[in-house]
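Structural overview
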Amino acid sequence: MKWLCSLLLACVSCSLWATSADDIQRFTLKNGMQIMVIEDDSIPNANMYLFWKVGSRNEAPGITGISHFFEHMMFNGAKTYGPKQFDRTMEAAGGANNAYTTENLTVYTNWFPVSAMETIFKLEADRIEHLDIDAAMVESERRVVTSERSTGLENSNWRTLSEEVKGVAFRAHPYSWPVIGHESDIAAWSLADLQQYHQTYYAPNNALVVIAGAVKLAQVKALAEKYFAPIPAQAPPRSIKTVEPKQKGERRVFVHKASVSTPNIMLAYHVPATKDADYYGLDLLAGILSEGNSSRLSRALIDKQIAIAAETYMPQSFDPNLFYIYAIAAPKVSAKQLEQALLQPIENIAKNGVTEAELSKVKNMRLMDFYRAMETINGKANTIGSYELYFGDMNKLFDAPAAYSQVTPADIQRIAQQFLKRENRTVGVLSSAKESGL
Amino acid sequence: MRTHIISCAIAALFCFGIAGCSTMPASSTDATAVKFTMPEFDNYTLDNGLTVYLLPQKEVPLISMAAVVRAGSIDDNPSGIASLTARSLMLGTHRQTKAQIEQIADGLGASITAGADKEDSFVLAQFMSKDSATMVPLFANIVQTPSFNSDELNKLKQRQIAGLSQAKESPRAVINRYFEQFLFAEHPYAKPVSGNRDSLAAITAKQVRQFYDDYYQPQDSAIIVVGDFDVGQMKAQLQQLFGQWREGSQVARSDLDKQLPKLDKPRVLVVNKPDALETTFLIGGIGISRDNPDFIGLEVVNTILGGRFTSWLNDELRVNSGLTYGARSHFNTHAHAGVFTISSFTNKKTTQAAIDLALKTYAKLWQQGVDAKTLASAKAYVKGQFPPNYETNQQLVSLLKDMYIYGLDEEVINSFDEQVDKLTVADTKRLVTQYFPQQNLQFVLIGNAAEIMPIAKQYGEVKVVNINDIGFSAN
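Predicted model, so just to flag it, every value in this text is computed and none were measured.

1. What about the overall build of chain A?
Broken down by element type, chain A carries 15 helices and 11 strands. Its C-alpha atoms give chain A a radius of gyration of 22 Å, near enough to 22 Å, the size a compact globule of 438 residues would have. For chain A, the spread of C-alpha atoms along the principal axes amounts to about 60 × 50 × 35 Å. For chain A, the residues scored as buried account for 57% of the 438 residues in total.

Rendered as structure tokens:
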């Protein structure tokens, strides 16, 4: 992320039950840049989300973390607005910004009073077309990103454990390394690497722009034609061809950290990409396992004093990725006991299935998630943009209600059997225990 | 980054200082822009003294609901009982067990949580409008007829105690608790909401019941409902469900105007975390109360110092020197006092460089002051970023809750722009002199004590504690 903040990304795993296609207007500039507009005047503000189709999956050893680093460099000066001027100009106009990088995307977010919209267009166009990658700035920003990496590891056990688990779960695909990159790569990429990266990926034909708020389509169109349309298109980036070889047995990783008070366990199972038909069933299975105090993991682990927290996480993803299950042991519970207790509810679903009531509960939770996302202009822009990219077609958004409602208890059981099985998982253990013996 | 955000949730991390991006307060310089105003709401009192706020919002078919009670960690004895009592409301009612409450709420996709802060306790619910007939009565039972089942209470205590150890794995998650205790000493604001592992272990179901009986009373409480509902029907439903809630006898309250500490020398608390990769630090002193008439002016000045990306602190410590990923400053306000802090973190090898630069940058408030151009920028920023703070039902609930606890009214919203606009450069000078602590600064450093002790000594009288010691105190 550009900088630390408490902004939680709106749910992007929910469908747009109540929104009609008419609420989302779109057009494409002649350079290939796609733009979507959601008119909403509930507050006198608007936002602009720029989704660039570049993330850590586009990297290679030697330049791991460069997508995220670039997320930072995009704020460090261009032709019209030099160093510091992007932020200073935006903030003086009443706007604020941030950005985040994932395995798949780099997303820039601007929030502003609607009167500042033209300024936002000017600022974005300048850095897209004319970014000035200054050598001194690169060195300073390396230190910032090193601090970002370090503070993540200092404060987050999830961060510490997940980067090791990913490294073991993937041995071929670029999802193997952490989005922030390896420490030695952060220190080593060159100016030429950066220039090449900008030219390849920050081309208008590689972007989706979503604007939501108290704006009018005609006004957005006019500004987009004026500021974004003159930016030349580039040859499309090369596609990612690596397919992770099928895992053929359980993999394990142990991480020592002295200050961990009780063991943490992460299970990671290979699952298909978001476009796969099983996405909806997997998403509901995640909910059945971990959402709410009546969830399977909560009943089996937290009520029984085996764990103090248990969660699932399945990122939306262009390529097949991981379904994570994470738990933190209660005091005096060993890593081994926690792992066994964590596996039982999973096995139970594979063996005995789930009830209609459980399934209906999680479908209701998804409906709530959707309404919460639609409550803000920020949630609308982020959800709609993410849907367009991860599901590949904006119209599929309107199939989502049917897709969720069609999932049956039998589907959930089949999905649990097919994916949440031993040979398909990596087990990560984070503990203060020292490994001993030979 | 998604993984970062998820890890935040699982480790119950929070970010320090004012959240810089979406939650910071700005407005356009365009005179034609629509003015953002407080939506219409009803505010009335039932015969038993219970305050009610009703604010209809029809954008999505959801309702957010809160019960707010004037009881917080300032009333704690033993430490942590206000928070434990609030959380215990979720352990069952005279009609439903804990598991039944959870099954009903989860089944509808709804959420209900409870907790406490320094000055209030609360129950918060969010549900679909169509489920009001189930959720509002369930909510009323949770607030008025808790069972405080002792088996469940014991399990909750164990979870909370384990949660304290886990929180200490993240310096960012606990540094404010150390700072407030270090600063406020014997004053009730020193007490950490979470309690400590010994105080929690000793709390009995009987004490929780007593705390509830003493403090959870209609005349000291408010019910807040925001969202998609019919006002007439909601009024009738609330009268029926809360009209019989009986007043009890008044309890003696702590005098929060007394015992405010006199900070007569600079002091440093070093919290030793031997495996720390970095030093996490806060620098500050006594700030302001929430009802201070200069609250908004100070928000503007603080925006310049450490409340946004281009603030002086972030510009110096991050952008110019690469010492950290972020540096901020913040006024955290309570009803009778508050805290001002500068916060950042840095590699343990650059601890001194980062603290020195933070202090040097802070001194610019007096040496150089705020110029007209920077002031204009900060004013535009706080106005432009203001409306998104009050967009959701939950945010409006939180606003009404603050109005109730701190005695504020809709002018908080309606006169915001006007108050920002009238601020002059001369005003900023007065605000700096009057409110920003300049002498006898207090420091908390969490890191590897062996490495940072020699540095800590340069800033004041040092005390050292281990992060695994009980609680968050310097003693």
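There is more to say, and it comes next.
2. Digging into helix α12 (residues 356–374) of chain A
Over its 19 residues, α12(A) runs 27 Å from end to end, which matches the ideal 27 Å to within 8%, given 1.5 Å per residue. Burial of α12(A) is extensive: 14 of the 19 residues sit out of reach of the surface.

3. A look at the nonpolar core
Ranked by size, the top nonpolar core spans 136 residues in total, and within it A358(B), V444(B) and L445(B) carry the most contacts. The greatest single-element share of this core, amounting to 7 residues, is contributed by helix α6 (residues 171–184) of chain B. Beyond its immediate sequence surroundings of up to four residues, L445(B) is in contact with V268(B), V270(B), V271(B), T279(B), F281(B), I452(B) and A456(B). In terms of nonpolar packing, the next biggest core, distinct from the first, is built from 133 residues, A268(A), V429(A), L84(B) and I101(B) among them.

4. Digging into the packing of helix α10 (residues 295–306) of chain B against helix α13 (residues 372–384) of chain B
All names here are of chain B. In the contact formed by α10 and α13, the axes pass within 9 Å of each other and the chain directions differ by 110°. On the basis of the axis angle, α10 is roughly perpendicular to α13. Judged by the sense of rotation from one axis to the other, the crossing of α10 with α13 is right-handed. Here E299, V300, T303 and I304 of α10 lie close against α13, whose contacting residues are T374, A378, K379, Y381 and V382. Split by residue class, the contact of α10 with α13 holds 5 nonpolar, 2 polar and 2 charged.

5. Quick look at the domain arrangement of chain A
All names here are of chain A. What the domain assignment reports for chain A is domain 1 (21–227) and domain 2 (251–431). Relative to domain 2, the C-alpha centre of domain 1 lies at a distance of 28 Å. Opposite the 30 residues of domain 1 that make contact, domain 2 presents 30 residues. Put simply, the parts of the chain that give the side of domain 1 that touches domain 2 at least two residues each are β2 (34–39), β3 (45–52), α5 (157–169) and β6 (207–213). Here the side of domain 1 that touches domain 2 takes 9 residues from α5, the largest share from any one element. Taken together, the residues that form the side of domain 1 that touches domain 2 break down as 18 nonpolar, 8 polar and 4 charged.

6. Quick look at the pairing of strand β4 (residues 96–101) of chain A
Residues and elements named next belong to chain A. The buried count for β4 comes to 6 of 6 residues, which makes it a mostly enclosed element. Of the two faces of β4, both are covered, the one formed by A96, N98 and Y100 as well as the one formed by N97, A99 and T101. As paired strands, β4 and strand β5 (residues 106–113) are joined by 6 bridges and run antiparallel to one another. If you follow N98 over to β5, its bridge partner there is T109. Joining the antiparallel neighbours β4 and β5 is a turn of 4 residues.

7. Focus: unusual backbone geometry
The omega torsion of the bond from N77(B) to P78(B) falls at 5°, within 30 degrees of zero and hence cis. Within the secondary structure, P78(B) is located in the loop between β3 (62–69) and α2 (81–88). Even without being glycine, K84(A) reaches a positive phi, approximately 75°. Along the chain, K84(A) falls in the loop between α1 (66–73) and α2 (85–92). Overall, K84(A) belongs to the partly exposed group, with 17 C-beta atoms counted inside 10 Å. In this model, Q305(A) sits at a positive phi of 60°, which is unusual for a non-glycine residue.

What counts as what
Residues numbered from 1 in each chain as written. Chains lettered and ligands numbered in written order. Predicted model: local features only at pLDDT ≥ 70, side-chain atom pairs only at ≥ 80, totals over all residues. Helix = DSSP H or I, 4+ residues; strand = E, 2+ residues; numbered from the N terminus. Rg over C-alpha atoms; globule rule 2.2 N^0.38 Å. Buried ≥ 20, exposed ≤ 12 C-beta atoms within 10 Å, placed from the backbone. Expected span 1.5 Å × (residues − 1). Core = buried A, V, L, I, M, F, W, Y, C linked by C-beta atoms within 7 Å. Contact = placed C-beta atoms within 7 Å. Axes fitted to C-alpha atoms, helices over the stretch in contact; angles between N-to-C directions. Parallel < 35°, antiparallel > 145°, perpendicular 65-115°, else oblique. Left-handed = near helix turned anticlockwise from the far one by under 90°. Nonpolar A, V, L, I, M, F, W, Y, C, P; charged D, E, K, R; others polar. Domains from an automatic or database assignment. Pairing = 2+ DSSP bridges.

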